[in-house]
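What follows is each chain in one-letter form.
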Amino acid sequence: MAGVELRETCYQIMKAQGYEEETGAAKITPGYNLPARYVIHTVGPIVSGWLTGKDKEMLASCYRSVLSTASGNQLESVAFCCISTGVFHFPQDKAAEIAVSTVRGWLDSHPETSVRRVIFNVFRDSDRDIYREILYHRE
């Protein structure tokens with residue numbers, strides 16, 4: 001039932017604002033029956049053809065927007081999925097590098113934030129391996 005409520009809430013937000021959400025922006029809704037108080041939604045870039053600098057910047061903007069929204073709502077933890085990978089065709093390794101570097105950079109530049117814990121939730125074992133390499137084996 002939570003999925004139906006979330007979709008309806010998202011629909012109502014978009015209807016009220018009069019346009020589809022911009023890529024890289026974020027909105028917060030209640031978590032309803034999910035094991036979270038809130039869900040922060042972001043629209044990631046869709047990669048068609050070659051990966052561009054604009055694609056990379058838009059993905060980084062997703063992470064910054066979500067973190068800013070979380071901090072603005074005094075949230076202490078955030079869990080990220082692999083934004084824009086899968087059907088949006090963002091290469092997994094580049095997406096993970098952008099995710100980790102953007103989150104680290106944002107946290108470093110916002111020491112006053114309420115966000116104290118960030119989780120990278122992955123879909124596949126290959127995603128897990130990429131994140132482990134970036135987080136634990138690179139300087």
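We now examine the overall build of the protein chain. Scanning the protein chain for helices and strands turns up four helices and four strands. In the protein chain, the order of α-helices and β-strands from amino to carboxyl end is α-β-β-α-β-α-β-α. For the protein chain, the residues scored as buried account for 36% of the 139 residues in total. Nonlocal contacts in the protein chain, meaning residues at least 24 apart in sequence, comprise 61% of its contacts between residues at least 6 apart. Working note: accessible area of the protein chain is about 8700 Å², and carbon and sulfur atoms make up 52% of it.

Take the pattern of salt bridges next. This model, assessed by the stated rule, comprises three salt bridges. For Glu 57, the salt bridge goes to Arg 64, with nearest N and O atoms at 2.3 Å. Judged by its relative accessible area of 31%, Arg 64 falls in the partly exposed class. A salt bridge links Arg 128 to Asp 129; the shortest N-O distance between them is 3.2 Å. Using a relative accessible area of 41% as the deciding quantity, one classes Asp 129 as partly exposed. Overlapping salt bridges bring together Asp 125, Arg 128 and Asp 129 as one network.

The geometry of helix H2 (residues 53-72) relative to helix H3 (residues 92-109) is characterised by a closest axis approach of 9 Å and an angle of 40 degrees between their N-to-C directions. Between H2 and H3, the interaxial angle falls into the category oblique. Here H2 runs over H3; the crossing is right-handed. Judged by residue contacts, Lys 56, Leu 59, Ala 60, Tyr 63, Arg 64, Leu 67, Ser 68 and Ser 71 of H2 engage Ala 95, Ile 98, Ala 99, Thr 102, Val 103 and Trp 106 from H3.

As a further point, take the nonpolar core. The tendency in soluble globular proteins is for nonpolar side chains to be buried side by side. Core analysis: the largest hydrophobic core is formed by 27 residues, its most contacted members being Leu 59, Tyr 63, Leu 67, Val 78, Phe 80, Phe 120 and Tyr 131. Elements with a contribution of two residues or more to this core: H2, strand S3 (77-80), H3 and helix H4 (125-136). Every residue in contact with Val 78, bar those within four places of it in the chain, is listed here: Val 66, Leu 67, Ala 70, Val 115, Arg 117, Val 118 and Ile 119.

Let us now look at H4. For H4, spanning 12 residues, the distance from its first C-alpha to its last is 16 Å, which sits close to the expected 16 Å at 1.5 Å a residue. Packing partners of the buried residues in H4 comprise H2, H3 and strand S4 (117-120).

Right, let's get into the packing of aromatic side chains. What describes a pair of aromatic rings is the distance from one ring centre to the other and the angle between the planes of the rings. If you walk through the whole model with that rule in mind, you get three aromatic pairs. When the ring of Tyr 63 is compared with that of Phe 80, the centres are 4.7 Å apart and the planes differ by 55 degrees; the resulting orientation is tilted. Taken as a pair, Tyr 63 in helix H2 and Phe 80 in strand S3 lie far apart in primary sequence, 17 residues in all. You'll find Tyr 63 and Phe 80 in the same group, each marked buried. Taken together, the aromatic side chains of Tyr 63, Phe 80, Phe 120 and Tyr 131 make up a single cluster linked through ring pairs.

What counts, and where the lines are drawn
- Every chain is numbered independently, its residues counted from 1 as its sequence is written.
- Local features in a predicted model are, by the rule used here, given only for residues with pLDDT of at least 70; side-chain atom pairs are given and counted only at 80 or more, and totals for whole chains, interfaces and linings are based on all residues.
- For the side-chain quantities, the full set of heavy atoms in the structure was used; hydrogens and water were omitted.
- A helix here means a DSSP run of H or I that spans at least four residues, while a strand means a run of E at least two residues long, and both kinds are numbered starting from the N terminus.
- Categorising residues by exposure relies on relative accessible area from a 1.4 Å probe, with only protein chains included: less than 20% of the type maximum marks a residue as buried, more than 50% marks it as exposed, and the intermediate range marks it as partly exposed.
- Should any heavy atoms of two residues lie within 4.5 Å, those residues are considered in contact.
- Residue-level accessible areas treat just the shown protein chains as cover; the underlying method is Shrake-Rupley with a 1.4 Å probe.
- The term salt bridge refers to a pairing of a side-chain nitrogen on Lys or Arg with a carboxyl oxygen on Asp or Glu at a separation within 4 Å.
- The convention used is that axes are lines fitted to C-alpha atoms, helices contributing only their stretch in contact, and that angles between N-to-C directions extend from 0 to 180 degrees.
- Angle categories: roughly parallel below 35 degrees, roughly antiparallel above 145, roughly perpendicular from 65 to 115, and oblique for all the rest.
- Handedness of a crossing follows from how the near helix is turned relative to the far one, being left-handed for an anticlockwise turn of less than a right angle and right-handed for a clockwise one.
- We call a set of buried Ala, Val, Leu, Ile, Met, Phe, Trp, Tyr and Cys residues a nonpolar core when their side-chain atoms join them within 4.5 Å.
- Multiplying 1.5 Å by the residue count of a helix minus one yields the expected span of that helix.
- Stacked, tilted and edge-to-face pairs are distinguished by plane angle, under 30 degrees for stacked and over 60 for edge-to-face with tilted covering the rest, among Phe, Tyr and Trp rings (Trp via its six-membered ring) whose centres lie within 6.5 Å.

Note that all results are geometric; they support no functional claim without further evidence.
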